[in-house]
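Structure at a glance
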Amino acid sequence: MDNATLTVPDLRTDLTRHGFARVAGREMLAMLDAREQAWRAFALSWDDLGPDLYMADGGRYRRRRHAAFHCAQGRFTRKPHQPHFQSRDYNPLNGDVQRWFDPVHQAVIDNPVMQAVFAFCAASFGEAVPDGWHVEMHQFRIETGDGEIGRPTPEGLHRDGVDWVFVMLIERRNVREGVTRIGAPDGTPLGEFTLARPGDAVLIDDRRILHGVTEIHAVKPGLPAWRDALVVTFVRER
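Described below are features of the structure shown in this document. Every chain's residues receive numbers from 1 upward, in the order its sequence appears when written. The predicted origin of the model limits local features to residues at a pLDDT of at least 70 and limits the giving and counting of side-chain atom pairs to 80 or more, whereas totals for whole chains, interfaces and linings rest on all residues. For side-chain calculations, the full set of non-hydrogen atoms in the structure is used, while hydrogens and water are omitted.

What follows covers the sheet that holds strand E8 (residues 179-183). What makes two strands pair is DSSP finding at least two bridges between them. Here a strand is any run of E in DSSP of at least two residues, a helix any run of H or I of at least four, and the numbering for each starts at the N terminus. With antiparallel pairing, the three strands of this open sheet are ordered in space as E9-E8-E11. If you trace the sheet from one side to the other, it starts and ends with strand E9 (189-194) and strand E11 (210-213), each paired once. Strand-to-strand twist in this sheet, taken as the mean axis angle between neighbours without regard to direction, amounts to 15°. In the sheet, E8 pairs with E9 via five bridges, with the strands oriented antiparallel. Of the residues in E9, the one forming a bridge with Ile182 is Gly191. Axis angles are defined between N-to-C directions and span 0 to 180 degrees, where every axis is a line fitted to C-alpha atoms and, for a helix, only to the segment in contact.

Before going further, it helps to examine the pattern of salt bridges. Any Lys or Arg side-chain nitrogen located within 4 Å of an Asp or Glu carboxyl oxygen qualifies as a salt bridge. In this structure the tally under the stated criterion is 16 salt bridges. Put simply, Asp47 and Arg141 hold a salt bridge, and the shortest N to O gap is 2.8 Å. Of this pair, Asp47 sits in the loop between helix H3 (36-44) and strand E2 (50-51) while Arg141 sits in strand E5 (residues 133-143), and the two are 94 residues apart along the sequence. Using a relative accessible area of 49% as the deciding quantity, one classes Asp47 as partly exposed. The shortest N-O distance in the salt bridge between Asp228 and Arg141 comes to 2.7 Å. Taken together, the residues Asp228 in strand E13 (residues 226-236) and Arg141 in strand E5 connect sequence positions 87 residues apart. Accessibility here uses a 1.4 Å probe with only protein chains present; expressed as a share of the type maximum, an area under 20% marks a residue as buried, one over 50% as exposed, and anything in between as partly exposed.

Turning to the packing of aromatic side chains, a few remarks are in order. Between 30 and 60 degrees the pair is tilted, below 30 it is stacked and above 60 it is edge-to-face, where a pair is any two Phe, Tyr or Trp rings, Trp via its six-membered ring, whose centres lie within 6.5 Å. Under the criterion given, the structure shown has 10 aromatic pairs. Taking the centre distance of 6.1 Å and the plane angle of 80° together, the rings of Phe76 and Phe234 count as edge-to-face. One end of the pair, Phe76, is in strand E4 (residues 75-78); the other, Phe234, is in strand E13, and 158 residues separate them in sequence. One aromatic cluster in this structure is built from Phe69, Phe76, Phe118, Phe125, Trp133, Trp164 and Phe234. Lysine and arginine charges are scored as sitting over a ring when NZ or CZ, respectively, is within 6 Å of the ring centre and within 35 degrees of the ring normal. Sitting above the plane of the Trp226 ring, Arg141 keeps its charged end 3.8 Å from the centroid. The residue whose ring lies beneath Arg207 is Trp164, and the NZ or CZ to ring-centre distance is 4.5 Å.

Position of Glu155 among the secondary structure elements: in the loop between E5 and strand E6 (164-173). Under this rule, positive means Lys or Arg and negative means Asp or Glu; His and the chain ends count for nothing. Among buried Asp, Glu, Lys and Arg side chains, Glu155 stands out as unpaired, with Arg62 the closest opposite charge at 4.9 Å. Reaching out from Glu155, the side chain makes a polar contact with the side chain of His158 at a distance of 3.4 Å. N or O atoms closer than or at 3.5 Å make up a polar contact, with two conditions inside protein: a donor-capable atom paired with an acceptor-capable one, and, for residues adjacent in sequence, both atoms drawn from side chains.

Below is the structure:
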């Protein structure tokens, strides 16, 4: 499909057929109407993430912030700050623990880019559900270097235990690898690609598809190296 003509209905078709849909960065930023100043402020907010202290592998390579929302009829309402929780059925490394992360700054949520991401996700995922959606937003920075390997998904090929997942690359700084892999429920590979440029994105039907990202390594050792990504998940309110 030619990304120059990509539309939300096209993405829905890909999600239905394949369980995932890719969007190139240039096309994604155009669909979000991401202006340079707003995008710069949005991306710079990844410089202010707190450490993830819950890594069962002992790693200190992940930084993040987190926020939760209720979405009904395309309207997003922020919930009181709460822990992120996944069952070990979905996250055997860090599951069955209430993980408290620093909250996403309200200015980041109010940024036009984030508001456009919410609208895009609601249009792409927002089939009618009786009680609306529980939505979680995660800012991730995976660092590598100084003898520690950066692992975007240390749990390996996995599901998140939600209905829908949106992942968008914000920045890659001095890193190589970090390949996104897509698999069937039995682990059969269905494809792989690299989110390499700002705005490169993938939408995933988490009920049908496994996903994971390979380790990252510094291109030039001794210099700062990281992979920044935004993850937004949708699950039916219960």
